[in-house]
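Results of the structural survey
The lines below spell out each chain.
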Amino acid sequence: MKIKKSLWMEYAILVLVTLVSGVTRYLLWDDLGLKGEFPPETIGFSFVFLVLSWEFFKGMERYMNRILPYSKGLALRISVQLVIGAVYMLLVNRLLFMVAGKYLEGSLSVMFSMTTYATFATLSFLINSIFFGKYFFQEWKKSLLNAERLEREKTQVQFDNLKNQLNPHFLFNSLSSLHSLIMDRPALASEYVTNLSKVYRYVLLHENKVTVPLREELEFIGHFIFLLETRFGKGVDVKIDVSEESKSLGIVPVTLQILLENCIKHNAIDPDAPLQIRVTAEEKSLRVSNSIHHKIQAMESNGKGLEDLKKLYSFLSKEPVQVLSSESKFSVIIPLIPNLS
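Residues numbered from 1 in each chain as written. Predicted model: local features only at pLDDT ≥ 70, side-chain atom pairs only at ≥ 80, totals over all residues. Heavy atoms only, no water.

In terms of residue burial, strand E7 (residues 329–335) counts as a mostly covered element, since five of its seven residues are buried. With seven bridges joining them, strand E5 (residues 285–291) and E7 adopt antiparallel strand pairing. Paired with Ser-289 across the strands is Ser-331, a residue of E7. Where strand E6 (residues 322–325) meets E7, four bridges bridge the pair, whose relative direction is antiparallel. Paired with Ser-325 across the two strands is Phe-330, which belongs to E7. Counted between consecutive antiparallel strands, the loop separating E6 from E7 contains three residues. (Buried < 20%, exposed > 50% of the residue type's maximum accessible area, 1.4 Å probe, protein only. Helix = DSSP H or I, 4+ residues; strand = E, 2+ residues; numbered from the N terminus. Pairing = 2+ DSSP bridges.)

Next comes the structure, spelled out in structure tokens:
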């Protein structure tokens, strides 16, 4: 279907060029001192000439792509194609001159001949320029796509590194909490291990996926929240309010874990003043908000985690990741996207 559409467009342009050139010749026929009345059949001859020339140049382009592709030498390819095109057009022009000679006045033959040769040579250059322009445009698009792919891969690696940095830190804290539970509360310790294993199972199962349904991410984060509440007790208050409609949309795996870890990392935990974390859906976005509880000794942060999230989501959604901060609340808004994997 695409080929047919392209072919129709090519021939529509050829018809338009034929009509424009025919009208121009008709208007200038007497001024050029040509014999007799303007012959209408020349319009048909012009169309046939343009079609044959266009198909010749298309065929030459395909043939040259096989025997002398642009990658083997750009300057050589362009030069050879221009020479072949010019020779073809000049030979065709000579043939047309022999047929149309009866319309020329003797005194104008030299001038008209030179003008026609120049016109045909220029036409050869213009037709070839179309193919050269198409090649350069396609190469430009490829370079853009390659640059975007490389940037995306780089961002994905940075994001994976971020997850790998968080996991050992999280595992160390989790094992420390587990150690204190084993002797005092063995039943809770068993449940803690079950939820911890489910957290890491989710990470391993989805590490190569671009997105997962939000429903799966929320199920995973439930196990993660259990671990947090076991570690910090009443010091953390996490509530989730997400509609069923939003749960069918996609999110990058482990996004919520990273955002919740970010809340814990940058705020003081106090059972008398719990850190409030809220996860809510807003149309096609997910908001993770937390109350701000300043630490006496704040942890150093380079902010790379959120920056990597922003870059990664920029490849998946037109909507940006938003970071909002006030004196009492910090929020990150993540765009929800169609599930890609």
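The structure having been displayed, the exposition proceeds.
Counting residues in hydrophobic clusters, the biggest one holds 46 residues, and the most contacted among them are Ile-221, Ile-251, Leu-256, Leu-260, Ile-277 and Leu-286. With nine residues, the single largest contributor to this core is helix H6 (residues 214–232). (Core = buried A, V, L, I, M, F, W, Y, C linked by side-chain atoms within 4.5 Å.)

With that settled, consider the packing of H6 against helix H8 (residues 255–265). Relative orientation of the contacting elements H6 and H8 amounts to 25 degrees, with a least axis distance of 9 Å. Taken as axis vectors, H6 and H8 run roughly parallel relative to one another. Seen from above, H6 lies across H8 with right-handed handedness. The segment H6 lies against H8, with Glu-217, Leu-218, Phe-220, Ile-221, Phe-224, Ile-225, Leu-228 and Phe-232 engaging Thr-255, Leu-256, Gln-257, Leu-260, Glu-261 and Ile-264. Each residue belonging to the contact of H6 with H8 can be placed in one class, and the counts come to 10 nonpolar, two polar and two charged. (Axes fitted to C-alpha atoms, helices over the stretch in contact; angles between N-to-C directions. Parallel < 35°, antiparallel > 145°, perpendicular 65-115°, else oblique. Left-handed = near helix turned anticlockwise from the far one by under 90°. Contact = heavy atoms within 4.5 Å. Nonpolar A, V, L, I, M, F, W, Y, C, P; charged D, E, K, R; others polar.)

Further remarks concern the environment of Ser-177. Mapping Ser-177 onto the fold places it in helix H4 (residues 109–184). Sequence-wise, Ser-177 and Leu-228 are 51 residues apart; in three dimensions their C-alpha atoms are separated by 9.8 Å. The contact partners of Ser-177, leaving out residues within four places of it in the chain, are Tyr-192 and Arg-231.

Turning next to the pattern of salt bridges. For the coordinates displayed, the defined rule picks out nine salt bridges. The salt bridge partner of Asp-237 is Lys-239, with a shortest N-O separation of 3.0 Å. Taking the relative accessible area as the measure of exposure, Lys-239 reaches 45% and is therefore partly exposed. The shortest N-O distance in the salt bridge between Asp-237 and Arg-278 comes to 3.1 Å. Remark: Arg-278 occurs in strand E4 (residues 275–282) and Asp-237 occurs in strand E2 (residues 236–241); sequence separation between them is 41 residues. Looking at Arg-278, the relative accessible area reads 26%, which means it is partly exposed. If you follow the salt bridges from partner to partner, you end up with Arg-215, Glu-244 and Lys-247 in one network. (Salt bridge = Lys/Arg side-chain N within 4 Å of Asp/Glu carboxyl O.)

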